[in-house]
Structures are given as structure tokens and as C-alpha cells.
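Next come the chains, spelled out residue by residue.
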Amino acid sequence: MKISAHLLNSENKLETILKTNDHVNSLIIPTKESGYGSKINGGELLFLALAICYCNDLNREASKKGINVTSVDVIVEGNFDSEGEPAQNVSYRAKVSAQTS
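We now turn to the structure provided with this report. Given the structure is predicted, the values throughout are model-derived calculations rather than measurements.

## What about the overall build of the protein?
Within the protein one finds one helix and five strands. Counting from the amino terminus, the protein carries its helices and strands in the arrangement β-β-β-α-β-β. Residues counted as buried form 12% of the 101 residues belonging to the protein. Excluding contacts between residues fewer than 6 apart, the proportion of contacts in the protein whose partners are at least 24 apart in sequence is 31%.

Right, dumping it as C-alpha cells:
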């Protein structure tokens with residue numbers, strides 16, 4: 001599986017192109033008020049990526065077992081002590097609703 005993420009930022013425009021093999025998606029991300037950079041920071045996107053991975057993995061594995069997942073609520077939290085430092089104390093909580101026979 002080949003994955004890539006491409007970001008292009010020019011004044012008041014932030015374009016994303018996300019690819020997995022030949023499947024292409026985009027993600028709408030607002031620019032900062034200055035018109036340059038992202039209003040959403042990298043830490044937020046990192047934690048969102050972790051939540052999405054959990055949700056997708058849960059749905060994939062439930063499907064294999066014939067479990068119908070009706071909702072997934074995931075919260076990922078952590079700390080960045082200062083600029084450039086790695087995330088610390090990353091944790092998640094999840095609530096899953098499902099139906100099965």
C-alpha cells in the first residue's frame with residue numbers, strides 16, 4: 001500500500017491531496033487569517049489521524065466478525081510541552097455502539 005499526502009498553500013488557499021494507491025481524497029483545511037498556513041495545527045491533525053485509525057480498524061474487524069457497528073465516538077488527548085517537542089501522555093477513550101446476533 002503506497003500512501004502520500006500533498007499540501008499546496010498559496011494566499012488564502014490550502015489544497016490537500018491524499019492518496020492510497022490509486023484512491024484520491026482531499027481534506028478541506030481553512031487557512032490562517034493571514035491567508036498563509038493552516039488554521040488547524042499539526043498536533044490536532046495527528047490526534048485526528050489516531051482517532052480515524054482506531055475507528056477504521058474497529059469497523060474493519062467488526063465487519064469480519066459480522067458485527068454491525070452503529071456508532072463510534074473516539075477522543076484522543078495528549079500534551080505538547082513546547083514547540084518542536086514530541087507528544088506526551090497520549091491517550092484515547094472510545095465508546096462503541098453495535099448490534100450483533
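So, next bit.
## Some points on the sheet that holds strand S1 (residues 3-10)
Remark on secondary structure: sheet strands pair via backbone hydrogen bonds, oriented parallel or antiparallel. Ordered by their spatial adjacency, three strands build an open sheet running S1-S2-S3, and the pairing between neighbours is antiparallel. On the outer flanks of this sheet lie S1 and strand S3 (23-25), each paired with one strand and no other. Within this sheet the neighbouring strands show an average axis-to-axis angle of 15°, counted without direction. Bridge count between S1 and strand S2 (residues 13-20): eight bridges; the pairing is antiparallel. Counted as the bridge partner of His6 is Ile17 from S2.

## Some remarks on helix H1 (residues 42-64)
The α-helix advances 3.6 residues per turn, and as a result positions three or four apart in sequence lie on the same side. The end-to-end C-alpha distance of H1 is 33 Å, a good match for the 33 Å that 23 residues give at a rise of 1.5 Å each. Listed in full, the buried residues belonging to H1 are Gly43, Phe47, Ala51 and Ala62. Residues of H1 that are buried sit in contact with strand S4 (68-79) and strand S5 (88-99). One side-chain oxygen of the residue at the start of H1 lies 3.0 Å from the amide nitrogen of Gly43, identifying that residue as Asn41. Directly beyond the C-terminal end of H1, a positive phi value near 75° is found at Gly66.

## A few points about unusual backbone geometry
Even without glycine at this site, Asn12 takes up a positive phi of about 60°. You can see Asn12 is positioned in the loop between S1 and S2. For Asn89, which is not glycine, the phi dihedral falls at a positive 55°. Here Asn89 shows up in strand S5.

## Quick word on the pattern of salt bridges
All told, the structure shown has six salt bridges when counted by the stated rule. As a salt-bridge pair, Glu15 and Lys13 come within 3.6 Å of each other at their nearest N and O atoms. Ionic pairing is found between Glu77 and Arg93, a salt bridge with its closest N-O pair at 3.1 Å. Of the two residues, Glu77 is situated in strand S4 and Arg93 in strand S5; the sequence distance between them amounts to 16 residues. By relative accessible area, which is 48% here, Arg93 ends up partly exposed. Taken together, the shared-partner salt bridges connect Asp57, Arg60, Glu61 and Lys64 into one network.

Rules of the game
- Residues numbered from 1 in each chain as written.
- Predicted model: local features only at pLDDT ≥ 70, side-chain atom pairs only at ≥ 80, totals over all residues.
- Heavy atoms only, no water.
- Helix = DSSP H or I, 4+ residues; strand = E, 2+ residues; numbered from the N terminus.
- Buried < 20%, exposed > 50% of the residue type's maximum accessible area, 1.4 Å probe, protein only.
- Contact = heavy atoms within 4.5 Å.
- Pairing = 2+ DSSP bridges.
- Axes fitted to C-alpha atoms, helices over the stretch in contact; angles between N-to-C directions.
- Expected span 1.5 Å × (residues − 1).
- Polar contact = N/O pair within 3.5 Å; in protein donor to acceptor, adjacent residues only side chain to side chain.
- Salt bridge = Lys/Arg side-chain N within 4 Å of Asp/Glu carboxyl O.

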